[in-house]
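In case you want the letters, here they are:
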Amino acid sequence: MKFLKEGEKAAKYSTYANIFLMLIKGVVGLLSGSLALVADALHSLVDIFASASVFIGLRLSQRKPDEMFPYGYYRIETFASLIVSITIIITGFEIGMESFSYILNPSRLMLPFLALFVSMVSVFVSYFFAVYKKRIGKKIGSQALINDGRHSFLDVISSMVVFFGILLEYLGLRGFQGFAGILIAILIIYLGLKLARYDILVLLDACIDQKSLQILEETVLGVKGVKGIHDVKVRRSGPYLFAELHLELERGMPLKKIEEIISQIKNRVKERIPSMDHLIIQPETLPKDYMLIAAPLKDNKGLKSTISSHFGRANYFIIASVKDDKVQDFKIIENPGKDLEKKRGIKAAELLKDEEIDVLIIDHLSEGPAYVLSQHILGTTKPEGTSLGEIILNAYKKFR
């Protein structure tokens, strides 16, 4: 909001400056008989409307979100930017018509030096505010203020055309101002159409900020623990950005760790993209086309082994890879905690956690091992079936 206040101040000062320029150019234009200076005064009147629109847009966009506008009023600033863009187009047509009229009916100048002085003052004042508004606009991310700054650069060009037109006419070269004005009008209309297209796309939620999208993707993928991202969407709302993405994480990652990663992502994104106002992150675990199922064993006889009813005292564990209702592969490993006096179950649970199993087949699991495995597996199930192979497949069908 502090940044928006700065933009509001720039738009307000620009409005005051345009009022001053309109009055002085209009009065001197009428006294000197310079049609070009009068037209430039009308141009300044349009500038007043444009700067006032930006001022009002920036002020209204600072309103806090409410029930009707839960995402805030930021798009009012974009709407103000569209008004400025349309104003630029109208200004282009206006300059073109006045220039054509001047070619047909060149006027006789009176007080040429005063007219030259006023047009030169207009050049310097317009240039100052063009640079000022563009700098503040980029600083706060306000497209409306940036557009208004570009509009002021057009004021610089049009005032220069007026200056040289008056000068060359005073020196006896008639009609030059009109031809130069038509060329400037064509450029102004082109720029206005280009800016209006951008504003309309923003209002339609088009993803046009490709640079910010690229920075967002690079930042998120640079965070440790992130395996990938997809469905990344970025849209602009006034001077701010709104984004959402799906985060791919390791399967079985603890909730606390997921929260830490999301918090880290948001902090890093905010550092690299200060205009990011909302970032919605949907965490997802990476899909697996197979499942690792473990069970405690009394002996080591392959798929003919006997399941143990005691987790910590089991001699072995079988870890089977199951896919498409078939045991694709398996291995049997010795229980490292079976001979310990204490924490046998915890030692066995840590082994299975390191093996990244998905399902554990067990009748009962005590509190310690259950806590170790709770954040890393899909769940546990009791053995159901007449053979070890059938028990493993029945467990797979429950969790697939």
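As the structure is a computational prediction, the values presented were derived from the model and not from experiment.

Undergrad: So what about empty space enclosed by the protein? Which residues, and what values?
TA: Throughout the structure, instances matching the rule amount to four cavities of 30 Å³ or more. Space inside the second largest cavity adds up to approximately 50 Å³. Around the second largest cavity, the lining residues are S14, A17, N18, L21, V125, S126, F129, K133, S152 and D155. A class-by-class count of the residues in the lining of the second largest cavity yields four nonpolar, four polar and two charged.

Undergrad: Residue-level account of the side chain of T381, with values.
TA: With respect to the helices and strands, T381 occurs in strand β8 (residues 379-381). Among residues more than four places away in sequence, those in contact with T381 are V359, L360, I361, I362, A395, K398 and F399.

Undergrad: Before we move on, can you summarise the pattern of salt bridges with the specific residues and values?
TA: Close approach of charged atoms allows side chains with opposite charge to pair. One pass over the structure, following the stated rule, counts three salt bridges. E355 serves as the salt-bridge partner of K331, at 2.9 Å between the closest nitrogen and oxygen. Of this pair, K331 sits in strand β6 (residues 326-334) while E355 sits in the loop between α9 (344-354) and β7 (359-361), placing them 24 residues apart in sequence. On the accessibility criterion, E355 (24% relative accessible area) is partly exposed. Of the charged contacts, one joins K398 and E384 as a salt bridge, the two residues approaching to 3.1 Å between their closest N and O atoms. Residue K398 is located in helix α11 (residues 388-399), and its partner E384 is located in the loop between β8 and α11; the two are separated by 14 residues in the primary sequence. Relative accessible area serves as the criterion here: at 40%, E384 is assigned to the partly exposed category.

Undergrad: I'd like to hear about the packing of helix α7 (residues 210-221) against helix α8 (residues 255-272), residue by residue, with values.
TA: If you want to describe how two helices pack, look at the angle between their axes and the distance between the axes. The interhelical angle for the contact between α7 and α8, taken along N-to-C directions, is 140°, at an axis separation of 9 Å. Crossing geometry of α7 relative to α8 is assigned as right-handed. For the pair formed by α7 and α8, the contact residues are I215, L216, E218, T219 and V220 on the first element and I265, R268, V269 and R272 on the second. Split by residue class, the contact of α7 with α8 holds five nonpolar, one polar and three charged.

Undergrad: Any chance you could break down the nonpolar core for me, citing the residues and the numbers?
TA: Considering soluble globular proteins, one finds that nonpolar side chains tend to be buried as a cluster. Core analysis: the biggest nonpolar cluster contains 23 residues, and L216, V220, L245, L247, I265 and L279 have the highest contact counts within it. Put simply, the parts of the chain that give this core at least two residues each are α7, β1 (226-237), β2 (240-249), α8 and β3 (276-285). Among all residues touching L247, those that are not within four sequence positions of it are V220, V226, G228, I229, I261, I262, I265, I281, Q282, P283 and E284.

Undergrad: Let's hear about the packing of aromatic side chains: which residues, and what values?
TA: In total, this model carries two aromatic pairs according to the counting rule given. Plain terms: the ring middles of F128 and Y132 are 6.1 Å apart, the flat faces sit at 20° to each other, and that makes the pair stacked. With F128 and Y132 both in helix α4 (residues 112-140), this residue pair falls four residues apart, about one helical turn. Here F128 falls in the exposed class, since its relative accessible area comes to 52%. Overall, Y132 belongs to the buried group, its relative accessible area being 15%. Of note, K338 hangs over the ring of Y316, and the distance from its end group to the ring centre comes to 5.8 Å.

Undergrad: Please provide a residue-by-residue account of α11, values included.
TA: For α11, which comprises 12 residues, the first-to-last C-alpha distance of 17 Å matches the rise-based estimate of 16 Å (1.5 Å per residue) to within 8%. Taken as a whole, α11 has its buried residues at L388, G389, I391, I392, A395 and Y396. In an axial view of α11, the angular spread of the buried residues amounts to 165°, which keeps them on one side of the axis. In the core, the buried residues of α11 are packed alongside β4 (291-297), β5 (316-323), β6, β7 and β8.

Conventions we followed
Residues numbered from 1 in each chain as written. Predicted model: local features only at pLDDT ≥ 70, side-chain atom pairs only at ≥ 80, totals over all residues. Heavy atoms only, no water. 1 Å grid on protein atoms, 1.4 Å probe; cavity = no way out; pocket = protein on both sides within 12 Å on 5 of 7 lines; lining within 4 Å. Points joined across faces, edges and corners; volume = space filled by probe spheres on them. Nonpolar A, V, L, I, M, F, W, Y, C, P; charged D, E, K, R; others polar. Helix = DSSP H or I, 4+ residues; strand = E, 2+ residues; numbered from the N terminus. Contact = heavy atoms within 4.5 Å. Salt bridge = Lys/Arg side-chain N within 4 Å of Asp/Glu carboxyl O. Buried < 20%, exposed > 50% of the residue type's maximum accessible area, 1.4 Å probe, protein only. Axes fitted to C-alpha atoms, helices over the stretch in contact; angles between N-to-C directions. Left-handed = near helix turned anticlockwise from the far one by under 90°. Core = buried A, V, L, I, M, F, W, Y, C linked by side-chain atoms within 4.5 Å. Phe/Tyr/Trp six-rings, centres within 6.5 Å; stacked < 30°, edge-to-face > 60°. Lys NZ or Arg CZ within 6 Å of the ring centre and 35° of its normal. Expected span 1.5 Å × (residues − 1). Arc of directions from axis to C-beta.

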